[in-house]
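Each chain, written out:
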Protein chains: 2
Amino acid sequence: MEKSQINLPESSPEELAAYVGKRVIVHGSIYKIRKMSGFCFVILRTARHMLQCVCDNKELIEGMAEESCVILTAKVAGESRARYGVELHMISIEYLSVPEAQMPIVINGKVVDTSLENKLDFRPLTLRNEKERAIFKIQEGLLRGFRRFFEKEHFTEIHTPKIVSEGAEGGANIFRLDYFGKEAYLAQSPQFYKQMMVGVFERVYEVGPVFRAEKHDTARHLNEYMGVDFEMGYIKSFSDIMEMEVKMLTMAFELLGQEYGEELALLGVELPKMQAWGNVPILKFSEAKRLVAEEFHREPKECHDFEPEEEKLLSELIKRKFGSEFVFVTHYPTGKRPFYVMEDPDSPGETFSFDLIFRGLEITTGGQRIHEYGVQVAKMLERGMDVKDFDSYLMMHKHGMPPHGGLGLGLERLTAKLLGFENIRQASLFPRDIHRLTP
Amino acid sequence: MEKSQINLPESSPEELAAYVGKRVIVHGSIYKIRKMSGFCFVILRTARHMLQCVCDNKELIEGMAEESCVILTAKVAGESRARYGVELHMISIEYLSVPEAQMPIVINGKVVDTSLENKLDFRPLTLRNEKERAIFKIQEGLLRGFRRFFEKEHFTEIHTPKIVSEGAEGGANIFRLDYFGKEAYLAQSPQFYKQMMVGVFERVYEVGPVFRAEKHDTARHLNEYMGVDFEMGYIKSFSDIMEMEVKMLTMAFELLGQEYGEELALLGVELPKMQAWGNVPILKFSEAKRLVAEEFHREPKECHDFEPEEEKLLSELIKRKFGSEFVFVTHYPTGKRPFYVMEDPDSPGETFSFDLIFRGLEITTGGQRIHEYGVQVAKMLERGMDVKDFDSYLMMHKHGMPPHGGLGLGLERLTAKLLGFENIRQASLFPRDIHRLTP
């Protein structure tokens, strides 16, 4: 056997093309066998690619089973009809493992053609489908883009506890657990901690799980999701945060375009155009409400927040009028925002807060926070909160904090909307909802 | 006012040096005021640096309070005695916020000179100390190094649920929570999920919280910590995993050396020398046990695992004999390892597993996993486990998995040992232990 060995998971198909005419050794899983007369096509699933192989050796063909893990020795041949312009002519197979049973579900079709419930029940298998796994490569790419941005902008990465003594976001949607005899909660957000860390590093970010005991079973909620949070000090206005987000998304989309072309093509996705900061539409909540009501002749049932339908209609309208798939909605009413959000002194009842709506769904909530001790305590008392419970939170306000703000972005929501999914569960590897705790 | 503006959080002290003789505007927190006769030194804490400023304007000096957040206008002057070779001659101060109260604890000394308990109680403040925060810059650097390594080696980043229906590591140290009327647990590790994902992406990694309801109150345990986990398929032997780890640590230490020199110097840390793979000492568990017993004339109380004291003695011995601060211990007894660990067929009772011990503390556990369905089921039955509870876990084994393995590294343990701390709590921003749930 020739010594040349190419290990595809560590190289690109372009590199494989450089081996035309040579023998190579590749490993992967047999994704699909298509028998023809006298030979068969075999698709080998590697870490990232699907390699077309051809086998005309009867002995090799016999007993070949899909989802076997193998090491192939093959000769590389140019083949313009193959996905990467090359195919592998199989010489020998070494079997590392052979499946124990037939697949309970077809995973090697163009899509996994079954209900979402089924897809999720068989997740360890259905994720092996090339389109299913492409979703999570793209999700990885988004995060890589975000991190690249955070590094460039001098944010420090932090890790804050998920077992906490107080919920940051209020409300009933909080998971409780017994912590050595004390009642504890699962963090609804890293809010308190990332603010504390602004006093330390000025700019911080965290990527981590967020837990919401949301009882509604909707297409846009998960009970555990990945939050991309950042917080920054020395802002001049809460619009600094929105500007940061525009740049952050722009960088992530750029990275996707550069390094995830294969997955985007596979999923038939065109990246959204993110306008430069200054051109992204921004509307006050009250205006947005009014606009949607007028334009679509509908009477809103809820005055202090958007109904999901309104977010969709607003997106439709903004796209039609301004050609943008993104819209910032600002100045949400105080009553609907948490106690740490700064009020607009010029317009009491409105807050320096925003949501970013993308293709009909809120993907981010952010804003400026109260940084003055007196103001924060007054707001808490006004809300009937027990200030003593928040001693360690208020410590930072008492001892000096700069004007600051930040945001939280839901990674699965962004991924889902980017890829055109109606259900957010499709963008979570192992989603958790009110009915689902496995796999 | 001159238009030149330099925003230090976005530049290095070297860049500041380029502004000597010019006016600049910088923002930050007044870390320390040292009054001299007729002038005062002011240390400004920025996102990453401590800038020496000088003020001789009486009006400015009066009423200046530490931990105020300010925007300074100042002239840059060369000053060889200042940390960065420059100092700022203050011209004016704009106050963004002023602390409400005196610090309850001195945070601007060379170290925060108090008990660990106090340090942790006042964490939002004590982290503002330059040495305290440097710890977490270094922790950030470690992760950046790991991620750089993972990208280079074609690992895909994944995010797996922390609310789970089955504990992966067994034992009693698991947190329970009520999940909409069902009993659920907090993940003790991403073990099951990262294995499933090997069937999808071949190589995966995850950085996320790990929860252990450890009732022991020791200097080396946390109840929530950051796990750095990877898992990879198509390995030839479990030593592939150890090799990967050596390279991963090497890359992280390199990055620290290149980009975190200021923090390392501040903490007086010398980076450990990581030998190239092949030179790092590797010992079988049984040999290591024997060696320590012989060398230090001590009778081990526990036969199937190390006592903490033995890990320390082993490290001491290895350092003395081989000059290495790292030692891999392999082939732990089957009984002490989880059900998914592969046994050595040539030496029943021993497993293809390892720990990495660094400066007397285990910082990693890893090994090869069982990938064959029959073998895995037999092992579970042998242990009296109910195979039905693990349906979704065993799905992957049933339908084809390559030989694979991986490891989990405790980020706080590595950080603590790297920086020479006796207590792991010093390397966690907001540690959780049996007594501590706040801040």
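Note that the structure is a prediction, hence the values are computed from the model and not measured. (Residues numbered from 1 in each chain as written. Chains lettered and ligands numbered in written order. Predicted model: local features only at pLDDT ≥ 70, side-chain atom pairs only at ≥ 80, totals over all residues. Heavy atoms only, no water.)

Visitor: How should I be thinking about the pattern of salt bridges in this particular structure?
Guide: Pairs may arise between side chains of opposite charge once their charged atoms sit close together. One pass over the full model with this rule turns up 74 salt bridges over all chains. Close ionic contact of Lys152(A) with Glu153(A) constitutes a salt bridge, the shortest N to O distance being 3.7 Å. The network of salt bridges with shared partners includes Arg144(A), Arg148(A), Glu259(A) and Glu151(B). (Salt bridge = Lys/Arg side-chain N within 4 Å of Asp/Glu carboxyl O.)

Visitor: What is the right way to look at the confidence of the model for chain A in this model?
Guide: Detailed reading of the predicted coordinates is not advisable wherever pLDDT is low. Per-residue pLDDT for chain A averages 94, and the proportion of residues at 70 or more is 97%. Here the prediction assigns the complex a pTM of 0.97, and the interface score ipTM is 0.97. (pLDDT = per-residue confidence, 0-100.)

Visitor: Please clarify how the sheet that holds strand β13 (residues 326–330) of chain A should be interpreted in this entry.
Guide: All names here are of chain A. A sheet is described by the order of its strands in space; here 8 strands give the open sequence β6-β10-β11-β16-β15-β14-β13-β12, paired in mixed fashion. The sheet is open, and its two edges are formed by β6 (156–157) and β12 (282–284), each paired on a single side. In the sheet, strand β14 (residues 353–358) pairs with strand β15 (residues 361–368) via 6 bridges, with the strands oriented antiparallel. The residue bridging Asp355 from the neighbouring strand is Thr365, located in β15. (Pairing = 2+ DSSP bridges. Helix = DSSP H or I, 4+ residues; strand = E, 2+ residues; numbered from the N terminus.)

Visitor: So what exactly am I meant to see when it comes to the nonpolar core here?
Guide: Most often, soluble globular proteins keep nonpolar side chains buried together rather than apart. Of all hydrophobic cores here, the largest spans 79 residues; its most connected members are Phe146(B) and Phe230(B). Among the elements that take part in this core, helix α7 (residues 239–259) of chain B stands out by supplying 10 residues, more than any other. In this view, Phe146(B) contacts Val228(B), Met248(B), Leu249(B), Ala252(B), Leu409(B), Leu411(B) and Leu414(B); residues no more than four positions away in its chain are not counted. Grouped together as the second largest cluster of nonpolar side chains are 78 residues, Phe230(A), Ile235(A), Met244(A) and Leu411(A) included. (Core = buried A, V, L, I, M, F, W, Y, C linked by side-chain atoms within 4.5 Å. Buried < 20%, exposed > 50% of the residue type's maximum accessible area, 1.4 Å probe, protein only. Contact = heavy atoms within 4.5 Å.)

Visitor: Please explain the relation of the copies chain A and chain B as it appears in this structure.
Guide: Each of the two chain copies can be generated from the other by rotation about an axis followed by a shift along it. Note on the identical chains: chain A maps onto chain B by a rotation of 180 degrees and an axial translation of 0.0 Å, with an RMSD of 0.0 Å. In the structure described here, the two chain copies are related by an operation that fits a two-fold rotation axis. When each C-alpha of chain A is compared by its distance to the rotation axis, Leu177(A) comes out closest, at 2.4 Å. In this assembly the copies share their binding face: 100% of the residues contributing to the interface of chain A also contribute to that of chain B. (Least-squares fit on C-alpha atoms with pLDDT ≥ 70 in both.)

Visitor: I keep staring at the pairing of strand β2 (residues 40–45) of chain A and nothing clicks. Help me out?
Guide: Two faces, one strand: in a regular strand the side chains alternate between the faces of the sheet. Residues and elements named next belong to chain A. Counted residue by residue, β2 has 5 buried out of 6 residues, so it is predominantly covered. Between the antiparallel neighbours strand β1 (residues 23–35) and β2 lie 4 residues, among them Gly38 with a positive phi of about 90 degrees. With 6 bridges connecting them, β2 and strand β3 (residues 50–55) associate as antiparallel partners. Bridge pairing in β3 places Ile43 opposite Gln52. Connecting β2 to the next strand, β3, in antiparallel fashion are 4 residues.

Visitor: Got a minute to help me understand the side chain of Lys119(B) in this structure?
Guide: Inspection of the secondary structure assignment puts Lys119(B) in helix α3 (residues 116–121). Among residues more than four places away in sequence, those in contact with Lys119(B) are Val112(B), Thr114(B), Thr126(B), Glu132(B) and Gln426(B).

Visitor: What exactly am I supposed to notice about the packing of helix α5 (residues 130–152) of chain B against α7(B) here?
Guide: Packed helices, taken two at a time, are described by the angle their axes make and the gap between the axes. Residues and elements named next belong to chain B. Two numbers describe how α5 lies on α7: the axes approach to 8 Å, and their chain directions differ by 130 degrees. As judged from the angle between their axes, α5 and α7 are oblique. As for the relative orientation of α5 and α7, their crossing is right-handed in sense. Note on element contacts: α7 touches α5 through Met244, Lys247, Met248, Leu249, Met251, Ala252, Phe253, Leu255, Leu256, Gln258 and Glu259, opposite Ile138, Gly141, Leu142, Arg144, Gly145, Phe146, Arg148, Phe149, Phe150 and Lys152. Residue composition of the contact of α5 with α7, by class: 13 nonpolar, 3 polar and 5 charged. (Axes fitted to C-alpha atoms, helices over the stretch in contact; angles between N-to-C directions. Parallel < 35°, antiparallel > 145°, perpendicular 65-115°, else oblique. Left-handed = near helix turned anticlockwise from the far one by under 90°. Nonpolar A, V, L, I, M, F, W, Y, C, P; charged D, E, K, R; others polar.)

Visitor: Would you mind going over the sheet that holds β2(A) with me for this structure?
Guide: Paired through backbone hydrogen bonds, the strands of a sheet run either parallel or antiparallel to each other. Residues and elements named next belong to chain A. Reading around the circumference, β1-β2-β3-β5-β4 is the order of the 5 strands in this closed barrel, with mixed pairing throughout. The average undirected angle you get between the axes of adjacent strands in this sheet is 55 degrees. Across 10 bridges, strand β4 (residues 69–78) lies against strand β5 (residues 86–97) in antiparallel orientation. If you follow Val70 over to β5, its bridge partner there is Tyr95.

Visitor: Honestly, unusual backbone geometry in this entry has me stumped. Any pointers?
Guide: Both trends apply: most residues other than glycine have a negative phi, and most peptide bonds are in trans. Omega for the peptide link from Thr438(A) to Pro439(A) comes to -10 degrees, which places this bond in the cis form. Non-glycine residue Phe180(B) carries a positive phi angle of around 50 degrees. Along the chain, the position of Phe180(B) falls in the loop between β8 (176–179) and β9 (182–186). The backbone of Glu202(B) sits at a positive phi, close to 70 degrees, despite the residue not being glycine. Following the sequence through the fold, Glu202(B) ends up in the loop between α6 (191–201) and β10 (203–211).

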